[in-house]
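Each chain, letter by letter, is given below.
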Amino acid sequence: MRRLLLLVAALLAAAASSLLPPAVEARAAFACAPGGPATSLPFCRQSLPLHARARDLVSRLTRAEKVRLLVNNAAGVPRLGVAGYEWWSEALHGVSDTGPGVKFGGAFPGATAFPQVIGTAAALNASLWGLIGRAVSDEARAMYNGGQAGLTFWSPNVNIFRDPRWGRGQETPGEDPTVSSRYAAAYVRGLQQAHNTNRLKLAACCKHFTAYDLDRWGNTDRFHFNAVVSPQDLEDTFNVPFRSCVADGAAAAVMCSYNQVNGVPTCADEAFLKGTIRGKWGLDGYIVSDCDSVDVFFNDQHYTRTVEDAAAAALRAGLDLDCGPFLAVYTEPAVAKGKVSDADVDAALINTVTVQMRLGMFDGDPAAGPYGHLGPKDVCTPAHQELALEAARQGVVLLKNDKRKKHGGNVLPLRPAAHRTVAVVGPHAEATVAMVGNYAGKACRYTTPLAGVAAYVKQAVHAAGCADVACAGAQQPVAAAVDAARRADATVIVAGLDQKVEAEGLDRNSLLLPGRQAELISAVAKAAKGPVILVLMSGGPIDIAFAQNDPRIAAILWVGYPGQAGGQAIADVIFGHHNPGGKLPMTWYPQDYLRKAPMTNMAMRANPASGYPGRTYRFYTGPTIHPFGHGLSYTKFTHTLAHAPARLTVRLAGGHTTSAAATSLLNATTRAGGERAVRVAHARCEGLSVPVHVDVRNVGERDGAHTVMVYHAAPASGVVVAGAPERQLVAFEKVHVAAGGVARVEVGIDVCEGMSVADRDGVRRIPVGEHSLVIGEITHTVTLGVEELGV
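Residues numbered from 1 in each chain as written. Predicted model: local features only at pLDDT ≥ 70, side-chain atom pairs only at ≥ 80, totals over all residues. Heavy atoms only, no water.

Section: the sheet that holds strand S21 (residues 689-698)
Part 1 of the reasoning: With respect to topology, 3 strands assemble into an open sheet ordered S18-S21-S24, the strand pairing being antiparallel. If you trace the sheet from one side to the other, it starts and ends with strand S18 (637-643) and strand S24 (742-750), each paired once. In this sheet, neighbouring strand axes are inclined to one another by 30 degrees on average, regardless of whether the strands run parallel or antiparallel.
Part 2 of the reasoning: Sheet topology note: the S18/S21 ladder contains 6 bridges and is antiparallel. What sits directly across from histidine 639, in S21, is valine 696. (Pairing = 2+ DSSP bridges. Helix = DSSP H or I, 4+ residues; strand = E, 2+ residues; numbered from the N terminus. Axes fitted to C-alpha atoms, helices over the stretch in contact; angles between N-to-C directions.)

Regarding the environment of alanine 490
Part 1 of the reasoning: Looking at where alanine 490 falls in the secondary structure, it is placed in strand S15 (residues 490-496).
Part 2 of the reasoning: Given a relative accessible area of 0%, alanine 490 falls into the buried group.
Part 3 of the reasoning: For alanine 490 and aspartate 402, which are 88 residues apart along the polypeptide, the C-alpha to C-alpha distance reads 14 Å.
Part 4 of the reasoning: In this view, alanine 490 contacts Leu414, His419, Thr421, Val422, Ala423, Gly530 and Pro531; residues no more than four positions away in its chain are not counted. (Buried < 20%, exposed > 50% of the residue type's maximum accessible area, 1.4 Å probe, protein only. Contact = heavy atoms within 4.5 Å.)

Things to note about helix H16 (residues 478-487)
Part 1 of the reasoning: Among the residues making up H16, those that are buried are Val478, Ala481, Val482, Ala484 and Ala485. Buried positions in H16, seen along its axis, are confined to an arc of 160 degrees and lie on one side of it. Of the exposed residues in H16, those oriented more than 90 degrees away from the buried face are Ala479 and Arg487.
Part 2 of the reasoning: Buried residues in H16 make contact with strand S13 (421-425), strand S14 (459-463), S15 and helix H17 (517-527). (Arc of directions from axis to C-beta.)

Re the environment of tyrosine 303
Part 1 of the reasoning: With respect to the helices, strands and loops of the structure, tyrosine 303 is situated in the loop between helix H10 (293-299) and helix H11 (307-317).
Part 2 of the reasoning: Sequence separation between tyrosine 303 and alanine 713 is 410 residues; the distance between their C-alpha atoms is 41 Å.
Part 3 of the reasoning: Contact partners of tyrosine 303, with chain neighbours within four places excluded, come to Gln260, Gly263, Val264, Pro265, Ala268, Phe297 and Phe298.

As for the environment of threonine 237
Part 1 of the reasoning: Structurally, threonine 237 can be placed in helix H7 (residues 231-238).
Part 2 of the reasoning: Ignoring anything within four residues of it in the chain, the contact list for threonine 237 reads Ile160, Pro177, Met604, Arg618 and Phe619.

Here we look at unusual backbone geometry
Part 1 of the reasoning: Residue threonine 210 follows phenylalanine 209 across a cis peptide bond; omega there is 0 degrees.
Part 2 of the reasoning: Structurally, threonine 210 is set in the loop between strand S4 (203-209) and strand S5 (216-217).
Part 3 of the reasoning: Going from leucine 412 to proline 413, the amide bond is cis rather than trans, its omega being 5 degrees.
Part 4 of the reasoning: With respect to the helices and strands, the residue proline 413 is situated in the loop between strand S12 (397-401) and S13.
Part 5 of the reasoning: Backbone geometry at glutamine 193 places phi at a positive 50 degrees, although glycine is not the residue there.
Part 6 of the reasoning: Take glutamine 193: it is sitting in the loop between helix H6 (177-192) and S4.
Part 7 of the reasoning: Positive phi outside glycine occurs at alanine 250, with the angle close to 55 degrees.
Part 8 of the reasoning: Relative to the assigned elements, alanine 250 resides in the loop between helix H8 (240-247) and strand S8 (253-256).

Quick word on the packing of helix H5 (residues 126-145) against helix H14 (residues 382-395)
Part 1 of the reasoning: Across the interface, H5 lies against H14 with an axial gap of 11 Å and an inter-helix angle of 150 degrees. In terms of orientation, H5 lies roughly antiparallel with respect to H14. Both H5 and H14 take part in a crossing whose hand is left-handed. Here Leu128, Leu131, Ile132, Ala135, Asp138 and Glu139 of H5 lie close against H14, whose contacting residues are His384, Leu387, Ala391 and Gln394.
Part 2 of the reasoning: For the contact of H5 with H14, the per-class residue count stands at 6 nonpolar, 2 polar and 2 charged. (Parallel < 35°, antiparallel > 145°, perpendicular 65-115°, else oblique. Left-handed = near helix turned anticlockwise from the far one by under 90°. Nonpolar A, V, L, I, M, F, W, Y, C, P; charged D, E, K, R; others polar.)

Side note on the packing of aromatic side chains
Geometry of an aromatic ring pair is reported as the spacing of the ring centres plus the angle between the planes.
Part 1 of the reasoning: Applying the stated criterion across every chain, the model contains 25 aromatic pairs.
Part 2 of the reasoning: On the numbers, 5.4 Å between centres and 80 degrees between planes, the contact of phenylalanine 30 with phenylalanine 362 is edge-to-face. One end of the pair, phenylalanine 30, is in the loop between helix H1 (2-17) and helix H2 (50-59); the other, phenylalanine 362, is in the loop between helix H13 (342-358) and H14, with 332 residues separating them in the sequence.
Part 3 of the reasoning: Assessed through its relative accessible area of 1%, phenylalanine 362 is described here as buried.
Part 4 of the reasoning: Here the aromatic rings of tyrosine 456 and phenylalanine 575 are separated by 4.8 Å at their centres, their planes lie at 10 degrees, and the arrangement is stacked. One end of the pair, tyrosine 456, is in the loop between helix H15 (449-454) and S14; the other, phenylalanine 575, is in the loop between helix H19 (566-574) and helix H20 (593-596), with 119 residues separating them in the sequence. (Phe/Tyr/Trp six-rings, centres within 6.5 Å; stacked < 30°, edge-to-face > 60°.)

Side note on the state of the cysteines
Part 1 of the reasoning: Here the structure, examined in full by the defined rule, presents 7 disulfides.
Part 2 of the reasoning: Through a disulfide, cysteine 291 is tied to cysteine 323; the S-S separation comes to 2.0 Å. With the S-S dihedral at roughly 75 degrees, the linkage between cysteine 291 and cysteine 323 falls on the right-handed side. With cysteine 291 in the loop between strand S11 (286-289) and H10 and cysteine 323 in the loop between H11 and helix H12 (326-336), this residue pair connects regions lying 32 residues apart in the sequence. Here the two residues cysteine 291 and cysteine 323 agree in accessibility, since each one is buried. (Disulfide = S-S within 2.5 Å.)

Structural notes on the confidence of the model for the protein
Do not read the predicted coordinates in detail wherever pLDDT is low.
Part 1 of the reasoning: Looking at the protein as a whole, the pLDDT averages 94, with 93% of positions reaching at least 70.
Part 2 of the reasoning: When the elements of the protein are averaged for pLDDT, H1 gives the smallest value, 43, and strand S17 (residues 555-558) the largest, 99.
Part 3 of the reasoning: Long-range and interchain partners of residues 1-23, a stretch whose pLDDT sits below 50, account for 41 contacts in this model, where long-range means more than four residues apart. (pLDDT = per-residue confidence, 0-100.)

Observations concerning the pattern of salt bridges
Part 1 of the reasoning: Enumeration according to the criterion identifies 42 salt bridges in this entry.
Part 2 of the reasoning: A salt bridge links arginine 516 to glutamate 519; the nearest nitrogen and oxygen atoms lie 2.7 Å apart.
Part 3 of the reasoning: Connected via shared salt-bridge partners are Arg168, Glu171, Asp215, Arg222 and Glu504. (Salt bridge = Lys/Arg side-chain N within 4 Å of Asp/Glu carboxyl O.)

Details of the sheet that holds strand S20 (residues 677-679)
Part 1 of the reasoning: Spatial strand order, S20-S26-S25: 3 strands in an open sheet with antiparallel pairing. The open sheet terminates on both sides in strands that have one partner only, identified here as S20 and strand S25 (757-758).
Part 2 of the reasoning: Sheet topology note: the S25/strand S26 (residues 764-767) ladder contains 2 bridges and is antiparallel. Counted as the bridge partner of valine 757 is arginine 765 from S26.

See below:
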């Protein structure tokens, strides 16, 4: 955490230095340029409210002009001085050229490549997530100013990592709704930099709403899949991060997904788009389709009879922007046939144009705006590259660290003086691009694992052992890796997965390492003269029981896809420059789990009658390779509860009164069998929080960072809590504690959010009775009561 504070200072210093003149010529104004055809029109007047300006512009457009603005490659309106605009840019973990809105080259040859999201999530550090968002926003604005990027970035991906086979799980913050929610809000706030105003630095977009977590598995693909999801699972799992993204992060956009949910394409679901996203959660922005989703629900899902019906269904549902050409082609005939109204089209455009105005795109000369000074000097800065390294370090999870056979202590960290020659083997030993994962751009530079280790030792000996990650066939160079390990003082094996194994459009069929990787690892471990450290790169979990149980493999690290500085981060942990503190953001299941859990079964809860095991640590109770939240350190921490109340009263929205309305609220808390639970909608939630103060003591000999994780368990019996999670993470905070020191961590558990349970109808209720809060070795009981009215 101290290192993180230094990075904050460096970022602020970089921001100050960026007030220098731009290194490239500023881009032309998107609209409202001085002397242009619309300068005097209301939509160019910055003194007017943004929505009024947007309505004025839309009112001046012809129908033909309007429909060409409904798609990602929106056409310009030259007669009004409005340029064309590409809405599709990506920035999941750095500015990416995955979408057409970003172009690298010239003054912008690359951008800082931060770790893939699943690895950054393992840091469990919301401050870090926000800093990464801020750094990415600097680089994106700089590239926009140079004419090589847009301002609307379709990031982050906050889908729940429900199934371990999902190829895109790497893009997400993991399986837990609370982690995903905090990540969504922190990263969005970092990207948008709204600063309590209605103006935006960038416009973020949370995707893919909702219950989207299957790409291609067996004979099922995302374009044809109907996700059958219960109201309970929607409420307490799939929709949770999106609600936080909009309500807490104030994201400017949400993307609907390819799949259907309960028979309705999400991009044509009015209850979802208008009812939930815009209505209940209050989205102030636009809703965009995943690319070609409207075409998909017509041509692949056959949801509507005609193309005009499809265009009309999307617009009436509340879709504002189509990634793809469908709405530009078929909206005008749909209006002409009376299937959708001009007012529906206008409403969509007002939403998108307002976001552009919040970004300053209708304020004339962009160089005169608050971010007009950003340029090439603000991309790949030393501060941003150091932040990428720090993020990679914080995301490393130490899965195993055996005791030394001699002299006591653990095998890791290695000592360069004792391990002068280190063999670095495995298919990822010289990884570069593979370290970044998908949705990546062009990195500023790469530090490979081999280079990282070589910086610490007298000699680093390399032998791949596998020709590539697939490691298939009899001709793999296993023998050379075995020989290198036999002669070295220590051996680092860098293995795992890559985008040819797990990716968008590619789900896994196995949790085992590909090809002969396991054979390589075991052979090297058997022959090695010194300690063997296994480093795993992957987005999804791997069944590594063979390595976990092999006493010749002394230590195991999981590093996700650690970004451009991954090799240095790995070496910094192995040699003790950084004390690991990462925690697994997803459960690591055994291979046998796949036999019991088809990817197409969306149920989170287990079904013992059918043998269905349930999903994620919240509902699955079977054997694991490693549980959610697992992660070791080079030191040891203990927890002491300093303060937390034992009782708390839930007040009802009716207040202290004997009125019939208030009495009915109290009566509504009692259900069959006498159990009592308060509907969240009936509770006074503001300020209803359980303050928890925990003292964290570092009882080891090394400074280190520790994440305090607070789990909640609802009262153990009763109809009211049927289907409640076994336990649910409700709060976490990361703290740095010096060796022998103590740090106090204070968190507040929101009762309506963290201690409520979704019933089978998707209604959130707060059970009355004894709730458990579990923090490490501590279990604290809080009794929730309900106020008695009329007393």
